[in-house]
Amino acid sequence: MSRLAPLLTSLLLTGALLATATACAKNDTPPDAVAKPRTIKAVAGCGKGSWTDPSDLAPDRKPARCASGAPAPVRLARTRKLTIATGTLAAEYVAPLEMAVEKGEFKKEGLDVTLKVLPTPDALPLLAKGDIDAQWAAPEAAVMNGILGGFDIKWVAGNFSPDPKSKSGLWVRLKEGQSASHVPMAGRKMGTMIGKGSVIAYPMDTALKKHGGGLDKIQFQQLGSADVLTALQNGGVDSAWLLDPVWRRIDSDPRFAFLGGQPEGEPLGGLLFGPKLLKEDPDAGVAFLRAYTRTVNTYFAGDYKKDPAFVTELAGLLKTDKSVLESTPSLRMDWEIRAGTTDRLQKAYKAAGVSEGDPLPESRTVDRRLYEEAVGHTS
């Protein structure tokens, strides 16, 4: 999930770039066949459990899975060079992409993939124009506003949902007589490194409303990553949105309480495709998602942190300390997208005052067909 706050002004200034977008990709699919329904074949190792009903929002929903090593590679006739933008290469939720590069999963599909660090606002116009091929980010307010302005971008695959034991999310300093079940939040000051236009606005608004608050009833103070916890501890702010593994530092302190985080079983970020992989070269788009889902099934299918050797390898890949990875539960890697997520996100953006125009229907923001083809699911 992207952690970066969108710069809406920057997006508006770059919106005109879409008009100059050019189709520069050639693929195995004849041009006249791109718009036709694609043939979906059964995929060995991807049975009933490789797809779940998008309307299933149960917190304990098991994420879709194929067998280890599935779906098997289907090498393209011609190698494609793809550039994928990501806000960071150090976060655990980016690990499946980095592992796919490290283990050669993309190469098996005939893909030469480069991961490039770019902030979301900088990457969006490049994605719409076709200068980059995909973005590992989230359907943030900037993305929704960009689509509204004409960008041909869709959310095509999820990334993760939290483990039930995770307490990454909204923390509050308790006053006398208060407890986690009774903390009036209206009028409180919140410290966060994440802006109102981030997908975190959705779970943040949900948690606040349970306690008489809401995005429109609190004061925000945006702080650097190193300052959020300090401000909460010294009373500079009343509450804070704490990320992994920062929350562990106050988990056992009775002065603070955890009020809620990202919904269990509902990814809020993942892959965004632009016109190149959505329309001009869908074969490459499916191949990319095939490699991604295979990497999840092979290396991140369950509690991957139970394997000390794998955690060591993962720490090296992410260039972080092994102890930091071990301090938080494994993420539930999940390539699927739940029904209505972008509706709920846009409602939160409206409440935060960072959205433009009327809400977009899911048909404008989400496309599940490519990952469904990768695992052989037919409606």
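Predicted model only: the values in this text are computed from it and were never measured.

K.L.:
Tell me about the packing of helix H6 (residues 201-209) against helix H12 (residues 341-352), and name the residues and values.
P.N.:
Across the interface, H6 lies against H12 with an axial gap of 8 Å and an inter-helix angle of 70°. In terms of their interaxial angle, H6 and H12 are classed as roughly perpendicular. Contacts between H6 and H12 pair Ala201, Tyr202 and Asp205 from the former with Arg344, Leu345, Ala348, Tyr349 and Ala351 from the latter. Among the residues making up the contact of H6 with H12, the classes are represented as six nonpolar, no polar and two charged.

K.L.:
Account for the pairing of strand S11 (residues 270-273), naming residues and giving values.
P.N.:
Side-chain direction in a regular strand flips from residue to residue, so the side chains alternate between the two faces of the sheet. Relative to S11, strand S3 (residues 134-137) is paired through four bridges, and the arrangement is antiparallel. Within S11, the position partnered with Ala134 by the bridge is Phe273.

K.L.:
Tell me what's going on with the nonpolar core, and back it up with residues and numbers.
P.N.:
Residues Leu271, Phe273 and Phe288 are the most contacted members of the largest nonpolar core, which totals 98 residues. The dominant element in this core, judged by the number of residues it contributes, is helix H9 (residues 282-299), at eight residues. With sequence-adjacent residues up to four places away left out, Phe288 is seen in contact with Leu82, Ile84, Leu97, Phe106, Leu111, Val113, Leu271 and Phe273. Counting residues in each nonpolar core, the second largest holds twelve residues, with Trp171, Leu223, Ala231 and Leu232 among its members.

K.L.:
Describe the pairing of strand S6 (residues 169-173), listing the residues and the values that go with them.
P.N.:
Judged by how many residues are buried, S6 sits mostly within the fold: four of five residues are covered. As judged from the four bridges shared by S6 and strand S9 (residues 239-242), these two strands associate in the antiparallel manner. Bridge pairing in S9 places Val172 opposite Ser239. Sheet topology places S6 next to strand S10 (residues 256-261); five bridges connect them, and they run antiparallel. Counterpart to Arg173 in the pairing with S10 is Phe256.

K.L.:
Outline the sheet that holds S10, supporting the account with residue identities and numerical values.
P.N.:
Spatial ordering of the open sheet is given by S8-S7-S9-S6-S10, a layout of five strands whose pairing is mixed. Only two strands of the sheet have a single partner each, and these edge strands are strand S8 (219-222) and S10. Between one strand and the next, the sheet's axes are offset by a mean angle of 25°, whatever the strand orientation. Lying on the sheet, H6 is in contact with S6, strand S7 (189-192), S8, S9 and S10; it crosses S10 at an angle near 125°.

K.L.:
So what's going on with the sheet that holds S3? Residues and values would help.
P.N.:
In space, the five strands of this open sheet follow the order S2-S1-S3-S11-S4, with mixed pairing throughout. The sheet terminates laterally at strand S2 (111-117) and strand S4 (154-158), the two strands that pair on one side only. Neighbour-to-neighbour, the strand axes of this sheet turn through a mean angle of 30°, independent of strand direction. Packed on one face of the sheet, H9 meets strand S1 (80-86), S2, S3, S4 and S11 and runs near 175° to S11.

K.L.:
Which residues make up the environment of Leu232, and what values do they have?
P.N.:
Structurally, the position occupied by Leu232 is in helix H7 (residues 228-233). For Leu232, a relative accessible area of 0% corresponds to the buried category. Each C-alpha atom of the pair Leu232 and Asp205 lies 19 Å from the other, and the pair is 27 residues apart in sequence. Sequence-distant contacts of Leu232, that is, excluding residues within four places in its chain, are made with Trp171, Arg173, Val237, Asp238, Ser239, Ala240, Leu242, Ile250 and Phe256.

K.L.:
A description of unusual backbone geometry should follow, citing residues and the corresponding values.
P.N.:
Backbone torsion omega between Ala70 and Pro71 reads -5°, so that peptide bond is classified as cis. Within the secondary structure, Pro71 is located in the loop between helix H1 (8-14) and S1. The peptide bond linking Asp244 to Pro245 adopts the cis configuration, its omega dihedral lying at -10°. Locating Pro245 in the fold gives a position in the loop between S9 and S10.

K.L.:
If you had to explain the state of the cysteines to someone new, which residues and values would you point to?
P.N.:
A complete count under the given rule lists one disulfide for this structure. In this model, Cys46 is linked to Cys66 through a disulfide, with the two sulfur atoms separated by 2.1 Å. Across the disulfide from Cys46 to Cys66, rotation about the S-S bond amounts to roughly 110°, and the bridge is consequently right-handed. One end of the pair, Cys46, is in the loop between H1 and S1; the other, Cys66, is in the loop between H1 and S1, with 20 residues separating them in the sequence.

Rules used throughout
Residues numbered from 1 in each chain as written. Predicted model: local features only at pLDDT ≥ 70, side-chain atom pairs only at ≥ 80, totals over all residues. Heavy atoms only, no water. Axes fitted to C-alpha atoms, helices over the stretch in contact; angles between N-to-C directions. Helix = DSSP H or I, 4+ residues; strand = E, 2+ residues; numbered from the N terminus. Parallel < 35°, antiparallel > 145°, perpendicular 65-115°, else oblique. Contact = heavy atoms within 4.5 Å. Nonpolar A, V, L, I, M, F, W, Y, C, P; charged D, E, K, R; others polar. Pairing = 2+ DSSP bridges. Core = buried A, V, L, I, M, F, W, Y, C linked by side-chain atoms within 4.5 Å. Buried < 20%, exposed > 50% of the residue type's maximum accessible area, 1.4 Å probe, protein only. Disulfide = S-S within 2.5 Å.

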